[in-house]
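Report on the structure
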Amino acid sequence: MKIRVNGVWHDVVCSDVASVLKELGYGDAVVATALNGVFVSVGSRPSARVSDADHLEILAPMQGG
Amino acid sequence: MKVYGIDLHSRLLLGTAGYPSPAILTQSVKASRTEVVTVSLRRESSGERAGQGFWSLVRDLDVRVLPNTAGCHSVKEAVTTAQMAREVFGTPWIKLEVIGDNDTLQPDVFGLVEAARILSAEGFQVFPYTTEDLVVADRLLEAGCEVLMPWGAPIASGRGLNNLFGLKALRARFPSTSMIIDAGIGVPSHAAQALELGFDAVLVNTAVAQAARPVEMAGAFASAVEAGRAAYLAGPMEPRDLAAPSTPVVGRAFL
């Protein structure tokens with residue numbers, strides 16, 4: 001299925017947020033996730049189902065003022 | 001200074017954006033003697049992993065982090081970003097920004113109050129980036145905020161304290177609320193002025209990061225906030241319109 005990750009379309013096989021992160025190579029990176037604009041905590045990633053055309057945001061610490 | 005029950009000895013908070021290099025950022029944080037740096041969240045590429053390196057650098061600084069919701073233009077964006085930041089940074093602190101105008105980056109104070117209410121109810125300790133408006137400040141305190149971050153001037157403008165009358169009125173109206181001047185500070189004298197007026201601290205980023213020598217400027221700001229606070233405690237004189245001789249007139253020679 002195709003999902004949009006950080007604004008870019010990707011073909012993915014996995015169907016939950018935790019597995020999609022591994023599939024896309026994030027591994028053990030310190031990131032926060034939101035699916036279709038809703039925060040998905042680390043603990044709820046395995047049960048957060050991903051569907052075709054979903055939008056997944058993967059954010060990490062960055063410089064800020 | 002106490003914020004949400006935490007004692008801070010430094011009255012300077014430092015932003016982490018826009019430095020010439022990570023090494024200069026590290027040196028600037030040390031020179032500023034700050035205990036709090038601001039950070040943000042941005043999209044992470046699985047290949048570059050830029051955020052992982054930055055987070056490692058910040059953890060090595062051994063300071064508290066104050067995550068922001070910079071760039072958020074709606075309540076929903078700001079609330080979701082705050083929730084993500086709490087998990088990543090492991091702190092209930094959030095510098096809440098809901099931007100309402102793209103040219104001035106003026107806060108959308110209506111959205112700000114709404115987001116502050118939602119986040120406070122979720123257990124966040126909210127540091128709202130606001131204006132000097134008294135009514136908005138009152139609403140933010142009602143929403144659960146214990147700290148206010150009024151702007152001095154538009155973000156990164158370096159114009160100092162634009163509305164002295166409004167800021168003085170804000171300080172006087174809420175004397176027991178911790179207030180940190182956020183945005184618009186350009187030079188150390190602006191920071192000293194804020195502290196002289198009784199504000200508890202200042203947050204500075206661009207003024208240090210974009211200085212010709214950021215590390216030295218960070219040190220200058222550290223000195224400025226200390227001087228400003230000392231002056232406030234010493235009780236500055238009231239300005240007057242006419243001159244008055246400081247040398248005693250009595251005993252002057254008649255020549």
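For the structure given in this document, a descriptive report is provided here. All values reported here derive from a predicted model rather than from experimental measurement.

All names here are of chain B. Counted according to the given criterion, the structure contains 3 aromatic pairs over all chains. Aromatic side chains W55 and F89 sit 5.1 Å apart centroid to centroid with 85 degrees between the ring planes, which places their arrangement in the edge-to-face category. With W55 in helix α2 (residues 50-61) and F89 in helix α3 (residues 75-89), this residue pair connects regions lying 34 residues apart in the sequence. On the basis of relative accessibility, which here comes to 8%, the residue W55 falls in the buried class. On the basis of relative accessible area, F89 is assigned to the buried category, the value being 6%.

Once that is clear, we can look at the interface of chain B and chain A. Contacts between the two partners involve 30 residues from chain B, matched on the other side by 30 residues from chain A. For the pair chain B and chain A, the summed buried surface comes to about 2,400 Å²; carbon and sulfur atoms form 58% of the total. Joining chain B to chain A, the criterion identifies 3 salt bridges. Note that B:R43 and A:E57 form a salt bridge whose closest N and O atoms lie 2.7 Å from each other. The interface formed by chain B and chain A contains 21 residue pairs in polar contact (both at pLDDT 80 or more). Mapped onto the side of chain B that touches chain A, the elements with two or more residues apiece are β4 (36-43), α2 and α3 of chain B. The dominant element in the side of chain B that touches chain A, judged by the number of residues it contributes, is α3(B), at 7 residues. Its residues assigned to classes, the side of chain B that touches chain A comprises 10 nonpolar, 12 polar and 8 charged. As paired elements, strand β5 (residues 55-63) of chain A and β4(B) share 5 bridges and run antiparallel to each other. The residue bridging A:A60 from the neighbouring strand is B:R42, located in β4(B).

Rules and cut-offs
- Residues numbered from 1 in each chain as written.
- Chains lettered and ligands numbered in written order.
- Predicted model: local features only at pLDDT ≥ 70, side-chain atom pairs only at ≥ 80, totals over all residues.
- Heavy atoms only, no water.
- Phe/Tyr/Trp six-rings, centres within 6.5 Å; stacked < 30°, edge-to-face > 60°.
- Helix = DSSP H or I, 4+ residues; strand = E, 2+ residues; numbered from the N terminus.
- Buried < 20%, exposed > 50% of the residue type's maximum accessible area, 1.4 Å probe, protein only.
- Contact = heavy atoms within 4.5 Å.
- Buried area = accessible area lost by both parts, 1.4 Å probe.
- Salt bridge = Lys/Arg side-chain N within 4 Å of Asp/Glu carboxyl O.
- Polar contact = N/O pair within 3.5 Å; in protein donor to acceptor, adjacent residues only side chain to side chain.
- Nonpolar A, V, L, I, M, F, W, Y, C, P; charged D, E, K, R; others polar.
- Pairing = 2+ DSSP bridges.

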